[in-house]
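# Geometric and topological summary
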Amino acid sequence: MRKRLSRSRAADAPAVGTDRIELRFPATLAAFRDAFARLGAALDGRALPPATRYGVELVFEEIVANVVRHGAPRSAGAPPAIAVAVDVGADEVALTFDDDGPAFDPCAAGAVGRTRAAALDDEALGGLGLAMVRRAAKSMEYRRTPDARNRLVVRLATGAAAAATGTRD
Amino acid sequence: MQMNLATVADGVVNVALLGRLDTPGVDAIETQLSASLVPTATSAIVDLSRVEFVGSMAIRMFITLARALAKRQRRLVLYAPPPLVAQVFETVSLGDVIPLAADAEAALALARG
């Protein structure tokens, strides 16, 4: 099945689920560590298949790490602020990332690197995370909002839908 | 993230990792791991059986370390990854550049070449 990578004006409107996990934190390594722990605790209460949960954590890890590593200070040394919403539905999990860092479209061709380790030179290693997200995702949608924020929605299949998109549980 | 190193053969160290190899986890061990192996040209077998999560930063760390050791005619071998971690390795074909083994014995044989 061909995956959908696009920039969409509907990217801030996940259509699934009423079971939402919300996290807000500054783009620093320390806050990232704490947020990852809070995500894990929240996921403990959801009956996600192991591979789906791994996929949620992988997408969270790679997208947030990218903002932490590359999000330049907005002003006066303040790191970008990140908000993440995880909507858990019956057939998919939607992760919505919102940050006020510099514009960056993870769906753009140049942002998504190669996935074969043997083909990676030192420079290309930096794009590996986004390539892994692309492999795990059912779809990715990005837009730059009018108030200069990055908004990215990554959808993962779960349950019966996972089999149709290649996500193994 | 916890890391324990123990010599298992002449010129080969076993690296036992425990925890999550996410960005904070890699940040916690990468410098020490590289400093323990590369300057002394020591081959390493890495026990992943108690690693719950591996992200791209960990894969980058392993590739960088394997290349540094290869320049000194030494090897890095990964072994016993849990199924979901092994699946991540498979998606990036990590086995094409770093030997993967089922257990410590097989890893040691690969490290000795």
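Given the structure is predicted, the values throughout are model-derived calculations rather than measurements. (Residues numbered from 1 in each chain as written. Chains lettered and ligands numbered in written order. Predicted model: local features only at pLDDT ≥ 70, side-chain atom pairs only at ≥ 80, totals over all residues. Heavy atoms only, no water.)

### Observations regarding the confidence of the model for chain A
Residue and element names in this part refer to chain A. Keep this limit in mind: Every residue is assigned a pLDDT by the predictor, reflecting its confidence on a scale from 0 to 100. Contacts are assigned to residue pairs that have any heavy atoms within 4.5 Å of one another.
Per-residue pLDDT for chain A averages 79, and the proportion of residues at 70 or more is 69%. This stretch, residues 6-11, has a pLDDT under 50; its non-local contacts, to residues over four places away or in other chains, come to 17 contacts. Counting contacts from residues 163-169, a segment whose pLDDT is below 50, to residues more than four positions away or on other chains yields 16 contacts.

### A few points about the side chain of Asn14 of chain B
Residue and element names in this part refer to chain B. What counts, and what does not: Only DSSP runs of H or I with at least four residues qualify as helices, and only runs of E with at least two residues qualify as strands; both kinds are numbered from the N terminus onward. Exposure is judged per residue with a 1.4 Å probe applied to protein chains only, and the accessible area is read against the type maximum: over 50% gives exposed, under 20% gives buried, and values in between give partly exposed. Definition of a polar contact: a pair of N or O atoms within 3.5 Å, with one able to donate and the other able to accept a hydrogen when the atoms are protein atoms, and with sequence-neighbouring residues admitted only if both atoms are side-chain atoms.
Assignment of secondary structure puts Asn14 in strand β2 (residues 12-21). Using a relative accessible area of 12% as the deciding quantity, one classes Asn14 as buried. Side chain to side chain, Asn14 and Tyr79 meet in a polar contact 2.7 Å long. Discounting residues that sit within four places of it in the chain, Asn14 has contacts with Asn4, Leu5, Ala6, Val8, Ile45, Asp47 and Tyr79.

### Here's the deal with the interface of chain B and chain A
Heads up, the condition is: Accessible area that two parts lose when put together, with a 1.4 Å probe and added across both, is what the buried area reports. By definition, a salt bridge exists where a carboxyl oxygen of Asp or Glu is found within 4 Å of a side-chain nitrogen of Lys or Arg.
If you look at the interface, chain B gives 27 residues, while chain A gives 26 residues. Interface of chain B and chain A: buried area, both sides summed, is about 2300 Å²; carbon and sulfur atoms make up 59% of it. At the junction of chain B and chain A, the tally comes to one salt bridge. Between Glu57 of chain A and Arg20 of chain B there is a salt bridge, and its shortest N-O distance comes to 3.3 Å. For the interface between chain B and chain A, the tally reads five residue pairs in polar contact (both at pLDDT 80 or more). Contributions of two or more residues to the side of chain B that touches chain A are made by α1 (23-37), β3 (43-54), α2 (56-70) and α3 (83-91) of chain B. The element best represented in the side of chain B that touches chain A is α2 of chain B, accounting for seven residues.

### Side note on the pattern of salt bridges
Going through the model one piece at a time under the given rule, you end up with 14 salt bridges over all chains. Two residues, Arg151 of chain A and Asp98 of chain A, come together in a salt bridge whose shortest N-O distance is 2.4 Å. Of this pair, Arg151 of chain A sits in strand β6 (residues 150-157) while Asp98 of chain A sits in strand β4 (residues 92-99); the two residues are 53 residues apart in sequence, bridging distant segments of the chain. Each member of the pair, Arg151 of chain A as well as Asp98 of chain A, carries the same accessibility label: buried. Through salt bridges with shared partners, a single ionic network connects Asp44, Arg53 and Glu57 of chain A together with Arg20, Asp22 and Glu52 of chain B.

### Here we look at the sheet that holds β3 of chain B
All names here are of chain B. This is how it is decided: DSSP-based pairing: two strands are paired if at least 2 bridges between them are found.
Strands sit in the order β1-β2-β3-β4-β5 across an open sheet of five strands; the sheet is mixed. Across the chains shown, the open sheet's two edge strands, defined by having one partner strand only, are β1 (2-9) and β5 (100-101). Where strand β4 (residues 76-79) meets β5, two bridges bridge the pair, whose relative direction is parallel. Within β5, the position partnered with Leu78 by the bridge is Leu100.

### Digging into α1 of chain B
Under the convention used in this document: Each residue after the first adds 1.5 Å to the expected span of a helix. Bend is the name given here to the angle between axes fitted to two runs of seven residues, the run ending at a residue and the run starting at it.
In this model α1 of chain B runs 21 Å from its N-terminal to its C-terminal C-alpha over 15 residues, within 8% of the 21 Å that 1.5 Å per residue would give. Taken as a whole, α1 of chain B carries its principal kink of about 40° at Ile29 of chain B. Of all the residues in α1 of chain B, the buried ones are Thr23, Pro24, Gly25, Val26, Ile29, Leu33 and Leu37 of chain B. On the buried face of α1 of chain B, the contacting elements are α1 (29-44) and α2 (50-70) of chain A together with β1, β2, β3 and α2 of chain B. Capping the start of α1 of chain B is the job of one residue whose side-chain oxygen sits 2.8 Å from the backbone nitrogen of Gly25 of chain B: Asp22 of chain B.

### Thoughts on the pairing of β2 of chain B
Residues and elements named next belong to chain B. Operational definition: Note on handedness: a crossover is taken as right-handed if, strands pointing away from the viewer, the path from the first strand over the helix to the second is clockwise.
For β2, the tally of buried residues reaches eight of ten residues, placing the bulk of the element in the interior. By the bridge criterion, seven bridges tie β1 to β2 in an arrangement that is antiparallel. Note on β2: the bridge partner recorded for Thr7 is Val13. Hairpin remark: β1 followed by β2, antiparallel, with two residues in the connecting loop; positive phi at Gly11, about 80°. Two strands pair when backbone bridges link them, and β2 and β3 are joined in this way by nine bridges, in the parallel orientation. Each bridged residue has a counterpart across the sheet, and for Val12 the counterpart in β3 is Ser43. Read from β2 through α1 to β3, the crossover connection turns out right-handed.

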